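# Coordinate inspection notes
Now for the letters of each chain:
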Amino acid sequence: MDLVGLLKSQFLCHLVFCYVFIASGLIINSIQLCTLVLWPINKQLFRRINCRLSYCISSQLVMLLEWWSGTECIIYTDPRAYPKYGKENAIVVLNHKFEIDFLCGWSLAERFGLLGGSKVLAKKELAYVPIIGWMWYFTEMVFCTRKWEQDRKTVATSLLHLRDYPEKYLFLIHCEGTRFTEKKHQISMQVAQAKGLPSLKHHLLPRTKGFGVTVRSLRNVVSAVYDCTLNFRNNENPTLLGVLNGKKYHADMYVRRIPLEDIPEDEDKCSAWLHKLYQEKDAFQEEYYRTGTFPETPLVPPRRPWTLVNWLFWASLLLYPFFQFLVSMVSSGSSLTLASFVLVFFVASVGVRWMIGVTEIDKGSAYGNIDSKQRHSD
């Protein structure tokens, strides 16, 4: 390991990133809370401000991926569709197999200048998580309980609110509902067999109702669906801890632009269309494992400097007073002060590990790990 790689793997560096992220995130959440007074006066101004405040938080994670770890992401797409990326609203359908697939989706949005306003269909519990969850609340993210009878009206209502959203956005949806594991895949394929659907080798059976209501609610506002299929070269198994340690990964993403008018409006036909899409995605993944490449032309969207500039701004603002505080604590010589410092260091260490653990596949959602008798409701 070279000197730079050794430096990036040091836990003190991780604590610096964690401190800047948490401190800046709580400051931004506080500012977002203050902007609520704008909602009844000028809703669109509230939204524009919160898009930019949201960017200050989410771009720090993208900075880790693109600048700290130097992860490369090549997009395989139709060159005729490429000029439209970043200039229209779109629904992104992304496979959910890797611990950092959400970061790759954010990186895609960032490189096309849409990160601040981008949306995701997320589980409701995340709305209560400080920083990320609170940021999502203020940017009108769509939350669901994963129980369709409860979500039927609330999700549709939240989506309809986005029809007059003033900023361009990508709406990310993981139609599989949960991250791929062998256990979940086995159960999912039992459901597919019971429903007479073709088996999938590299994906779980898609849950169609959330996708259907998204398409219906955003029709004539969203121009296209971006079917995104992500994989990593050389059988890499990327993790957030690896990114934090500065490990460089090599991602390939196949992006197909499908005009929204090509997607049926009828619920049953839309469901059949999505199942067919996932059969195609499965074929693309199989081809990738066989040849190491996706169809279409490989392109590399330019990496923008703003994620790095944003992090350097917050680091310069927050680190100097923090180090001053640490020096004063250590130089005081007080046993109580030093014990407090050790306690804070320990809590910070646990916090970093907890934040990383949330993304780990073996600690992911139990959604999908149901008994095979409990069939999908869609």
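Residues numbered from 1 in each chain as written. Predicted model: local features only at pLDDT ≥ 70, side-chain atom pairs only at ≥ 80, totals over all residues. Heavy atoms only, no water.

### What about the UniProt feature "transmembrane region" (unreviewed entry) in the protein chain?
Convention followed: UniProt positions are given in the numbering used here, feature names are shortened, and annotations may be inferred rather than shown by experiment. Secondary structure elements follow DSSP: runs of H or I no shorter than four residues count as helices, runs of E no shorter than two count as strands, and numbering proceeds from the N terminus.
UniProt tags residues 12-39, 311-330 and 336-356 as "transmembrane region" (unreviewed entry). Here residues 12-39 is 82% helix and 0% strand, with 41 Å between the C-alpha atoms at its ends. As a span, residues 311-330 carries 100% helix and 0% strand, and end to end its C-alpha atoms are 27 Å apart.

### Some thoughts on the sheet that holds strand E1 (residues 72-77)
For the record, the criterion: Pairs of strands are assigned from DSSP output, requiring at least two bridges between the strands. With axes taken as lines fitted to C-alpha atoms, and helix axes fitted only over the stretch in contact, angles between N-to-C directions fall between 0 and 180 degrees. We call two residues in contact when some of their heavy atoms are within 4.5 Å.
Strand order in the open sheet formed by eight strands is E4-E3-E5-E2-E6-E7-E1-E8, and the pairing between neighbours is mixed. Only two strands of the sheet have a single partner each, and these edge strands are strand E4 (142-144) and strand E8 (297-299). Averaged over neighbouring strand pairs, the angle between their axes works out to 25° when direction is ignored. Sitting on the sheet, helix H4 (residues 101-111) is in contact with E1, strand E2 (90-94), strand E5 (170-173), strand E6 (224-232) and strand E7 (250-259), with an inclination near 130° to E6. Helix-sheet contacts for helix H8 (residues 208-218) involve E2, E5 and E6, and the interaxial angle to E5 is about 165°.

### Quick word on the nonpolar core
Filter applied, for reference: The term nonpolar core refers to a set of buried residues drawn from Ala, Val, Leu, Ile, Met, Phe, Trp, Tyr and Cys, joined through side-chain atoms within 4.5 Å. The classification of residues rests on relative accessible area computed with a 1.4 Å probe and restricted to protein chains. Under 20% of the type maximum is buried, over 50% is exposed, and intermediate values are partly exposed.
Core analysis: the biggest nonpolar cluster contains 61 residues, and Ile-100, Trp-136, Tyr-226 and Met-253 have the highest contact counts within it. Counting residues per element, this core draws most heavily on helix H3 (residues 43-68), which supplies 10 residues. Grouped together as the second largest cluster of nonpolar side chains are 35 residues, Tyr-169, Val-213, Val-215 and Cys-270 included.

### Some remarks on the pattern of salt bridges
Our working rule: Each reported salt bridge corresponds to a side-chain nitrogen of Lys or Arg within 4 Å of a carboxyl oxygen of Asp or Glu.
Using the criterion set out here, one finds 17 salt bridges in the structure. The salt bridge partner of Arg-111 is Glu-66, with a shortest N-O separation of 3.0 Å. Taken together, the residues span a long stretch of sequence, with Arg-111 in helix H4 and Glu-66 in helix H3 at a distance of 45 residues. The exposure classification of Arg-111 matches that of Glu-66, with both residues buried. Among the salt bridges present, the one from Lys-201 reaches Glu-286, with a minimum N-O distance of 3.4 Å. Placement of Lys-201 in the loop between helix H7 (182-194) and H8 and of Glu-286 in helix H10 (residues 267-291) is noted, with a sequence separation of 85 residues between them. Overall, the relative accessible area of 34% leaves Glu-286 in the partly exposed class.

### Considering the pairing of E6
Burial runs high along E6: nine of the nine residues are buried. What you see with E6 is no split at all: Ala-224, Tyr-226, Cys-228, Leu-230 and Phe-232 on one side and Val-225, Asp-227, Thr-229 and Asn-231 on the other are buried throughout. Pairing analysis gives nine bridges linking E6 to E7, with the strands arranged antiparallel. Residue Phe-232 lies in a different strand from E7, and its bridge partner there is Ala-251.

### Description of the packing of aromatic side chains
The condition that has to hold: Pairing of aromatic rings covers Phe, Tyr and the six-membered ring of Trp, with a centre-to-centre limit of 6.5 Å; geometry is then stacked below 30 degrees between planes, edge-to-face above 60, and tilted otherwise. A ring is scored as having a charge over it whenever the NZ atom of a lysine or the CZ atom of an arginine sits within 6 Å of its centre and within 35 degrees of its normal.
Scanning the entire structure with this criterion turns up 19 aromatic pairs. Between the aromatic rings of Phe-17 and Trp-311, the centroid separation amounts to 5.1 Å while the plane-to-plane angle is 50°, which identifies the pairing as tilted. Taken as a pair, Phe-17 in helix H2 (residues 11-34) and Trp-311 in helix H11 (residues 306-332) lie far apart in primary sequence, 294 residues in all. There is no split in this pair, since Phe-17 and Trp-311 are both buried. Each ring, one from Tyr-254 and one from Phe-284, has its centre 4.7 Å from the other, and the planes form 85°; the classification is edge-to-face. On the criterion of sequence distance, the pair formed by Tyr-254 in strand E7 and Phe-284 in helix H10 is long-range, its members being 30 residues apart. In this structure, Tyr-254 and Phe-284 share a single accessibility class: buried. Connected via pairs of aromatic rings, a cluster forms that spans Tyr-76, Tyr-254, Phe-284, Tyr-288, Tyr-289 and Phe-294. Here the basic side chain of Arg-303 rests over the ring of Trp-67, its NZ or CZ set 3.6 Å away from the ring centre.

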